[in-house]
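Residue-level structure breakdown
For reference, the chains in residue letters:
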Amino acid sequence: MTLPLIQTPAGPSPARRAVLARRVRLLVAATITYNVVEAVVAISAGTIASSTALIGFGLDSVIEVSSAAAVAWQFAGRDPEAREKTTLRIIAVSFFALAAYVTVESVRALLGGADADHSPVGLVLAALSLAVMPGLSYAQRRAGRELGSRTAVADSKQTLLCTYLSAVLLVGLALNSLFGWSWADPVAALVIAAVAVKEGREAWRGDTCCTVPGAAASAAAVTSEDGDACGCRPGCSCCSGGDR
């Protein structure tokens with residue numbers, strides 16, 4: 001006896017989508033709150049210590065607030081998908097603006113600007129962000145993928161970028177504090193700028209390949225010859241190594 005094929009849904013049910021959208025809004029609110037505090041502390045401490053990397057980190061927090069606010073604006077509308085492209089553009093431009101400022105200030109510092117001073121506040125802030133941001137990013141990315149929202153995933157990558165930047169900042173500040181290597185601060189800032197450009201390009205293209213909703217991803221894996229094991233486009237690494 002031949003059994004009929006079971007038709008899988010193209011995505012989460014309306015009730016599940018409502019839950020996921022509410023979860024995204026809550027995570028966005030938490031991200032905004034944390035980053036407002038982080039921005040004030042980082043920019044203040046960076047100005048006192050003449051640290052380009054610390055100021056750049058604080059500006060990244062400001063940009064992350066604008067990115068999260070853009071996602072909040074998107075999901076506040078009746079049809080979030082209609083606002084998705086505009087939100088992605090806002091996120092991308094935010095990345096580019098950060099990269100431009102940090103690059104100029106880093107080059108200026110390397111060519112003879114004031115050396116950065118030791119900043120205990122900066123070290124503590126970088127370590128704290130390194131502990132907090134991965135959890136926020138993971139939760140929002142997971143909800144965004146299930147919901148099929150490119151902007152939620154893009155914003156989660158913005159939050160994940162903050163994790164990388166926290167590590168870079170921590171290393172730069174530590175090298176300067178321990179060994180007096182003042183060049184480590186602007187070099188760390190240039191790394192921040194390079195990562196920001198990469199993420200900005202991906203957001204501008206809408207290149208968030210891991211937003212295929214769960215059931216649709218399973219179907220795509222069977223039917224797509226151009227995708228990878230979870231239906232992503234070639235070159236996407238969203239399926240390798242699990243959900244990260």
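Scroll up for the structure.
What comes next is a walk through the structure. (Residues numbered from 1 in each chain as written. Predicted model: local features only at pLDDT ≥ 70, side-chain atom pairs only at ≥ 80, totals over all residues. Heavy atoms only, no water.)

Within the protein one finds seven helices and zero strands. When the helices and strands of the protein are listed from N to C terminus, the series reads α-α-α-α-α-α-α. Going through the 244 residues of the protein one by one, you find that 44% of them count as buried. Intrachain contacts of the protein at a sequence separation of at least 6 include 76% that bridge at least 24 residues. Put simply, the protein shows about 11900 Å² of open surface, and 66% of that area lies on carbon and sulfur atoms. (Helix = DSSP H or I, 4+ residues; strand = E, 2+ residues; numbered from the N terminus. Buried < 20%, exposed > 50% of the residue type's maximum accessible area, 1.4 Å probe, protein only. Contact = heavy atoms within 4.5 Å. Areas by Shrake-Rupley, 256 points an atom, 1.4 Å probe, with all protein chains shown as cover.)

Across all of its chains, the model carries two aromatic pairs by this definition. Look at Trp181 and Trp183: their rings are 5.5 Å apart centre to centre, the planes differ by 15°, and that puts the pair in the stacked class. Each residue in the set Phe179, Trp181 and Trp183 is aromatic and connected to the rest through ring pairs, giving one cluster. Of note, Arg89 hangs over the ring of Trp204, and the distance from its end group to the ring centre comes to 4.1 Å. (Phe/Tyr/Trp six-rings, centres within 6.5 Å; stacked < 30°, edge-to-face > 60°. Lys NZ or Arg CZ within 6 Å of the ring centre and 35° of its normal.)

Throughout the structure, instances matching the rule amount to two salt bridges. For Glu146, the salt bridge identified is with Arg16, shortest N-O distance 2.8 Å. In this pair, Glu146 sits in helix H4 (residues 120-147) while Arg16 sits in helix H1 (residues 14-49), placing the two residues 130 residues apart along the sequence. Note on Glu146: relative accessible area 27%, which makes it partly exposed. (Salt bridge = Lys/Arg side-chain N within 4 Å of Asp/Glu carboxyl O.)

The grouping of Leu110, Leu178, Phe179, Trp181, Trp183, Val187 and Val191 at the surface amounts to a nonpolar patch, some 690 Å² of accessible area in total. Elements represented by at least two residues in the nonpolar patch include exactly helix H5 (150-179) and helix H6 (184-205). By the element assignment, Leu110 lies in helix H3 (residues 84-110). (Patch = residues over 30% accessible without salt bridge, like charges linked within 9 Å, V, L, I, M, F, W, Y side chains within 5 Å.)

For H3, spanning 27 residues, the distance from its first C-alpha to its last is 39 Å, which sits close to the expected 39 Å at 1.5 Å a residue. In the segment just after H3, Gly112 is the residue with positive phi, at about 130°. (Expected span 1.5 Å × (residues − 1).)

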